[in-house]
Amino acid sequence: MLGRLAPATARMYLSSARPFLAWLEDETGVPSPAARVGIGTASRERERKPALSPSEAAIVISRLEERSGTLSGLRDLALVRCLMLCCVRIKEAVVANVADFVEDPVFKAVMASGIPVMLEAKTASRLEAYLSMRDVSACDPLFASAAPRNYGGRLTARSVSRILANALEPVGKKPGEVNFARTAIEAALAGGAPEEDVREFARLRGYDLVFQGEKALVRRSTSVVDAIAKRMGNVGLARTTAGELRGMLQGLDDDEPLSAAVESDGSFVVSLYVAQ
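Residues numbered from 1 in each chain as written. Predicted model: local features only at pLDDT ≥ 70, side-chain atom pairs only at ≥ 80, totals over all residues. Heavy atoms only, no water.

**Regarding the sheet that holds strand S3 (residues 115-118)**
- As summarised here, the arrangement of the three strands in space is S1-S2-S3, forming an open sheet in which the pairing is antiparallel. Among the strands making up the open sheet, the edge pair consists of strand S1 (101-103) and S3. Each adjacent strand pair in this sheet contributes to an overall mean axis angle of 35°, direction not counted.
- One ladder, built from four bridges, connects strand S2 (residues 108-112) with S3; its direction is antiparallel. Looking at S3, one finds that Val110 is bridged to Val117.
- Against the sheet, helix H6 (residues 121-132) touches S1 and S2, its axis set at about 110° to S1. (Pairing = 2+ DSSP bridges. Helix = DSSP H or I, 4+ residues; strand = E, 2+ residues; numbered from the N terminus. Axes fitted to C-alpha atoms, helices over the stretch in contact; angles between N-to-C directions. Contact = heavy atoms within 4.5 Å.)

Set out below in structure tokens:
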């Protein structure tokens, strides 16, 4: 049975049984079988998932901006920015209420797992715009369903996964292939944020340091969101057609819509835009 479980789950089950097995060994003299159970190490597959490059992230956001004229489109834009640029986790976005959006004179944040996660300016403005389009109360879901049968209700993790799948289509990715938190982390580090601040912002270690004081939290988070904005600001997007890039894009019609991203190092990225 343990062989079919993840290593961490197997260890948890085995630790629960060890006191009984130890007592049984003392009473009967029969050696505990727990000593003979081997448990492998945890898979690192999740940590190996790559981040989106700044150019890919810019393409994703650009496509979402184009569809942000509706309530659901603006919701998707705000949601993806929170996940991709602010290290908010999917489960945290699902359970968050409107009251968890903190609007402070100094910063704006989303309460995630009881901790305020600062939002970079554009993400905060998109979230504010989304909330302004809804008639909400403090206990309503921060990100609500727009489906007729569940209008205004809480999104599910599956719903969020579908939103992410649609958002990633222009760059040919799937949600399970991308580490969204790493996208924000790498953008922050590339933008010059101190590693210590990034680790704390992304909650990569114990939460105790976060509670050293609100001023320290704001100072550290500000350096990170500024660095993310700086790195993303170094990506230039341009619309072009396959006709202008015929030598590079054989097989496409001349009027096929594309997204082209030019990074600060001069690298050029082209993505086929699949209309929804």
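**Brief notes about the pattern of salt bridges**
- Evaluated as defined, the whole model comprises seven salt bridges.
- Between Glu66 and Arg63 there is a salt bridge, with the nearest N and O atoms lying 2.6 Å from each other. Taken together, the residues Glu66 and Arg63, both in helix H3 (residues 54-66) and three residues apart, mark about one turn of the helix.
- Owing to a relative accessible area of 42%, Glu66 belongs among the partly exposed residues under this scheme. (Salt bridge = Lys/Arg side-chain N within 4 Å of Asp/Glu carboxyl O. Buried < 20%, exposed > 50% of the residue type's maximum accessible area, 1.4 Å probe, protein only.)

**A short note on the side chain of Arg134**
- Tracing the backbone shows Arg134 in the loop between H6 and helix H7 (157-168).
- Despite its burial, Arg134 pairs with no opposite charge; the closest candidate is Asp140, at 5.1 Å N-O. (Lys, Arg positive; Asp, Glu negative; His and termini not counted.)

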